[in-house]
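Descriptive structure summary
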Amino acid sequence: MRLPLEERRLFPLALGIVVAITLVRVAVLVFTPLQLYPDEAQYWWWSRSPDWGYFSKPPLIAWIIRATTMFGDPEWAVRLASPFFHAGTALLVYAIGRRAFSAKVGFWSALAYITLPGVSYSSGLISTDVPLLFCWAVALYAFLRALDDLHWKWPLLCGLAAGFGLLAKYAMLYFVLEAVLAAFVSSRARHLLLSGRGVAILAIGLAILGPNLVWNAVHHFPTVAHTQANADWAHARFSVRSMLEFVLGQCGVFGPLMMLGFVVALWRLRSRERWNKSDGIVLVAFSLPVFALVILQSFISEANANWAAVAYVAAVPLAIAVLLRWLNGGAVALSLALGTVAMLSLWAVSLHPPLAEAVGQGNAFKRMEGWRALGRAVSAEANAGEYDAIAAANRSLLAELLYYARPRSMPVRAWDQNLAARDHFQMTMPLRPNSHRVLVVIAPEEEHRVSASFDSFVPLRSLKIPVSGNRARITELCDARGYHSPQPSR
């Protein structure tokens, strides 16, 4: 079927812009001196042993890194999938905006998504949110198509995307909740979910997640426990300040004008009949609940800025549909200009990190600096002595040593004095008493706690590695012998 003239013109333009931005992002990944963030180093280590699950996350992130590092594992290869996934998500946002509103809304939505401050930052890293957002976008587009098209390919695609989204991050479960809420506000969504096609979506998603659930059962459900621990409702603070900080943070991640447009779109819910003429009401169901739940979480305990990320897929077209009506589209142009400035600034900082210090943002990048120098020093010390293992008490430090302390002739082990594992390293590679001589790598404040678990503990030297201007990361290297077995926590 021949596409309308507007779409034949706008989609190639959107595609060209998205591809151009993506190619620049790949070039920035190749040339940035910024090193792997601790979580990235951990995901890389997981990818060395592909499995159906890991302590804190489902397995898709490890599989992706395994694929991008088949021919070598420099930092850019570890991160390579990120800009491409975001490019795919941007084009899917185009399709979602076109389906719900028009090709014009879809076009500006794709450009808005690819330049969102949060997406620009995320494109320079590899994280579980990256494939999650792509899978969410595929599932949402397929869901929208299935509302009117009775062909089985759309619910099948929706189920596949939901299943792989669950293998990326359990936050994909929000999709199920929001689909149910969509059924309350849209008769077409209700007919879909209550039909065999709706059952197929759920069944396919659960079938894909099944092997991960089996892995969790075999390992006593560590991923579920970790997710629950992140919510931390046992230490509820009920902080209005924390909630306001999260909301303001979303304005920074999503963009202030985009957030304003989204809020106005929600205000239009007063006229249900108007929204029911399009799929706008369904997009509200697939965005507002996530924001509301994470805002509630930020009030009860705390919430990271990325926890509401999946809401942006539907929120972008909703916001653009509103902003296009303001100032003859000038509001969209201004929002894109702000996003572009943020994107260009992040590229500049990635290529020349001292710029972050010059604008007072050096603290945001300090965890991506200094690890290579530390790894070389640890590797040199370990290979010069007759050690049985290298050990660290901190998960982040241990992850960085696994990547940067190479080459080495001995294993890296996780120090802990509790029987219950609290991360993947403690679960899979704990320090054992048969390691008679250990090179311990610790932060100064950890020395007293760690030294008590050895018969002999001799500090060798202190490493002071500069990060972000005048800051420094101080790490102690110690020669430890006679490790005591972990004891039950008290």
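Residues numbered from 1 in each chain as written. Predicted model: local features only at pLDDT ≥ 70, side-chain atom pairs only at ≥ 80, totals over all residues. Heavy atoms only, no water.

1. Some details on the overall build of the protein chain
Here is the rule we go by: Helix and strand labels come from DSSP, where a helix needs a run of H or I of at least four residues and a strand needs a run of E of at least two; each type is numbered from the N terminus. Both definitions apply: the radius of gyration is a C-alpha atom measure, and the globule rule equals 2.2 Å times residues to the power 0.38. For every residue, the accessible area obtained with a 1.4 Å probe (protein chains only) is divided by the maximum for its type, and the residue is called buried under 20%, exposed over 50%, and partly exposed between those limits. Whether two residues touch is decided by their heavy atoms; if any such pair falls within 4.5 Å, the residues are in contact. Only the protein chains shown count as covering a residue, and every accessible area follows the Shrake-Rupley method with a 1.4 Å probe. For the charge count, each Lys or Arg is scored as positive and each Asp or Glu as negative, with His and the chain ends excluded. A charged residue contributes its charge at one atom only: NZ of Lys, CZ of Arg, CG of Asp or CD of Glu.
Counting secondary structure elements, the protein chain contains 25 helices and five strands. Here the C-alpha atoms of the protein chain give a radius of gyration of 24 Å, agreeing with the 23 Å that 2.2 N^0.38 yields for 490 residues. Considering only C-alpha atoms, the protein chain reaches an extent of 75 × 50 × 45 Å along its principal axes. Going through the 490 residues of the protein chain one by one, you find that 53% of them count as buried. Sequence-distant contacts in the protein chain: of pairs separated by 6 or more residues, those separated by 24 or more amount to 74%. A total of about 21800 Å² of accessible surface is found on the protein chain, and carbon and sulfur atoms cover 64% of it. Considering the protein chain, the positive charge centre built from 43 side chains and the negative charge centre built from 30 side chains are found 10 Å apart.

2. Description of the pattern of salt bridges
Test applied: Salt bridges are defined by distance alone: a side-chain nitrogen of Lys or Arg within 4 Å of a carboxyl oxygen of Asp or Glu.
The final tally for this structure, using the stated rule, is twelve salt bridges. For the salt bridge of Arg395 with Asp39, the shortest nitrogen-to-oxygen distance reads 3.1 Å. Pair noted here: Arg395 is in helix H23 (residues 395-404) and Asp39 is in helix H2 (residues 38-47), with a separation of 356 residues, a long-range link. Ionic pairing is found between Arg188 and Asp148, a salt bridge with its closest N-O pair at 2.8 Å. Placement of Arg188 in helix H11 (residues 187-193) and of Asp148 in helix H8 (residues 129-148) is noted, with a sequence separation of 40 residues between them. We classify Arg188 as partly exposed; its relative accessible area is 24%. Counted as one network, the salt bridges with shared partners bring together Arg99, Asp148, Arg188 and Asp279.

3. Section: the confidence of the model for the protein chain
Condition: Each residue carries a pLDDT value, the predictor's own confidence for that position, ranging from 0 to 100.
The predicted model of the protein chain has a mean per-residue pLDDT of 90, with 93% of residues at 70 or higher. Predicted confidence in the protein chain is weakest over helix H16 (residues 272-276), with a mean pLDDT of 52, and strongest over helix H3 (residues 60-68), with 98.

4. Focus on the packing of aromatic side chains
Under the convention used in this document: Aromatic rings from Phe, Tyr and Trp, taking only the six-membered ring of Trp, are treated as a pair when their centres fall within 6.5 Å; an angle between ring planes under 30 degrees marks them as stacked, one over 60 as edge-to-face, and anything in between as tilted. Whether a charge sits over a ring comes down to the Lys NZ or Arg CZ being within 6 Å of the ring centre and within 35 degrees of the ring normal.
Tallying each qualifying case throughout the model produces 20 aromatic pairs. Plain terms: the ring middles of Trp52 and Trp63 are 5.1 Å apart, the flat faces sit at 80° to each other, and that makes the pair edge-to-face. You can see Trp52 sitting in the loop between H2 and H3 and its partner Trp63 sitting in helix H3, a full eleven residues away along the chain. For the pair Tyr141 and Trp154, a centre-to-centre distance of 5.8 Å together with 90° between the ring planes defines the contact as edge-to-face. Of this pair, Tyr141 sits in helix H8 while Trp154 sits in helix H9 (residues 153-168), and the two are 13 residues apart along the sequence. Note on accessibility: Tyr141 and Trp154 belong to one class, buried. Ring-pair connections join several aromatic residues into one group, and the members of that group are Trp44, Trp45, Tyr403 and Tyr404. One cation-aromatic arrangement involves Arg406 over Tyr403; the distance from NZ or CZ to the ring centre is 4.6 Å. Here the basic side chain of Arg437 rests over the ring of Tyr387, its NZ or CZ set 4.4 Å away from the ring centre.

5. Points about H8
Since one α-helical turn is 3.6 residues long, residues separated by three or four positions face the same way. The line we're drawing: Here the expected length of a helix is defined as 1.5 Å per residue gap, with one fewer gap than residues.
The end-to-end C-alpha separation of H8 is 29 Å, in line with the 28 Å expected for 20 residues at 1.5 Å each. Burial analysis of H8 places 18 of its 20 residues in the buried class, which makes it a mostly covered element.

6. Brief notes about the nonpolar core
In plain terms, the rule: Here, nonpolar core refers to any group of buried Ala, Val, Leu, Ile, Met, Phe, Trp, Tyr and Cys residues whose side-chain atoms link them within 4.5 Å.
Counting residues in each nonpolar core, the largest one holds 134 residues, and the members touching the most others are Leu140, Phe143 and Phe286. Of all the elements, H8 adds the most residues to this core, at 13 residues. Dropping the residues within four chain positions of it, Leu140 is found in contact with Ile96, Phe175, Leu283, Phe286, Val313 and Ala314. The next biggest cluster of nonpolar side chains, apart from the first, holds 14 residues, and it includes Ile442, Val450, Phe457 and Cys478.

7. Topic: the side chain of Glu75
Quick note on the threshold: A 3.5 Å cut-off defines polar contacts: any pair of N or O atoms within that distance qualifies, except that in protein one atom must be a possible hydrogen donor and the other a possible acceptor, and neighbouring residues in sequence count only when both atoms are side-chain atoms.
By secondary structure assignment, the location of Glu75 is in helix H4 (residues 75-79). The class for Glu75 is buried, based on a relative accessible area of 15%. Separated by 2.5 Å, the side chains of Glu75 and Arg372 make a polar contact. Filtering out sequence-adjacent residues up to four positions away, Glu75 remains in contact with Gln35, Leu36, Arg372, Tyr403 and Tyr404.

8. Regarding the sheet that holds strand S4 (residues 454-467)
Convention followed: Paired strands, as defined in this entry, are two strands with at least two bridges between them according to DSSP. Helix axes are fitted only over the stretch in contact, all axes being lines through C-alpha atoms; the angle between N-to-C directions runs from 0 to 180 degrees.
Strand order in the open sheet formed by five strands is S2-S1-S3-S5-S4, and the pairing between neighbours is mixed. Because the sheet does not close on itself, it has two edges, and the strands there are strand S2 (412-414) and S4. Strand-to-strand twist in this sheet, taken as the mean axis angle between neighbours without regard to direction, amounts to 25°. Pairing analysis gives twelve bridges linking S4 to strand S5 (residues 471-483), with the strands arranged antiparallel. Across the sheet, residue Leu463 finds its bridge partner in S5, namely Thr475.

9. With respect to a nonpolar patch on the surface
Rules: Patches here: salt-bridge-free residues with over 30% relative accessible area, like charges joined within 9 Å, nonpolar side chains (Val, Leu, Ile, Met, Phe, Trp, Tyr) joined within 5 Å.
Taken together, Leu173, Val176, Leu177, Val180, Leu181, Phe184, Leu202, Leu206, Leu293 and Leu296 make up a surface patch of nonpolar side chains, about 870 Å² in accessible area. Listed by contribution, the elements that provide at least two residues to the nonpolar patch are helix H10 (173-185), helix H12 (196-218) and helix H18 (288-300). Element by element, the count of residues in the nonpolar patch is highest for H10, at six residues. Take Val176: it is sitting in helix H10. Residue classification places Val176 among the partly exposed residues on the basis of a relative accessible area of 42%.

10. Quick look at the pairing of strand S1 (residues 389-392)
Threshold: Here the term right-handed applies to a crossover when the path leading from its first strand over the helix to its second strand runs clockwise, the strands being oriented away from the viewer.
Residues of S1 alternate between two faces, with Ala389 and Ala391 on one and Ile390 and Ala392 on the opposite face, all of them buried. Two elements, S1 and strand S3 (residues 437-442), share four bridges in a ladder whose sense is parallel. Each residue of the ladder has a partner; that of Ala392, found in S3, is Val441. Sheet topology places S1 next to S2; three bridges connect them, and they run parallel. Paired with Ala391 across the bridge in S2 is Arg413. Note that the unit made of S1, H23 and S2 has a crossover that is right-handed.

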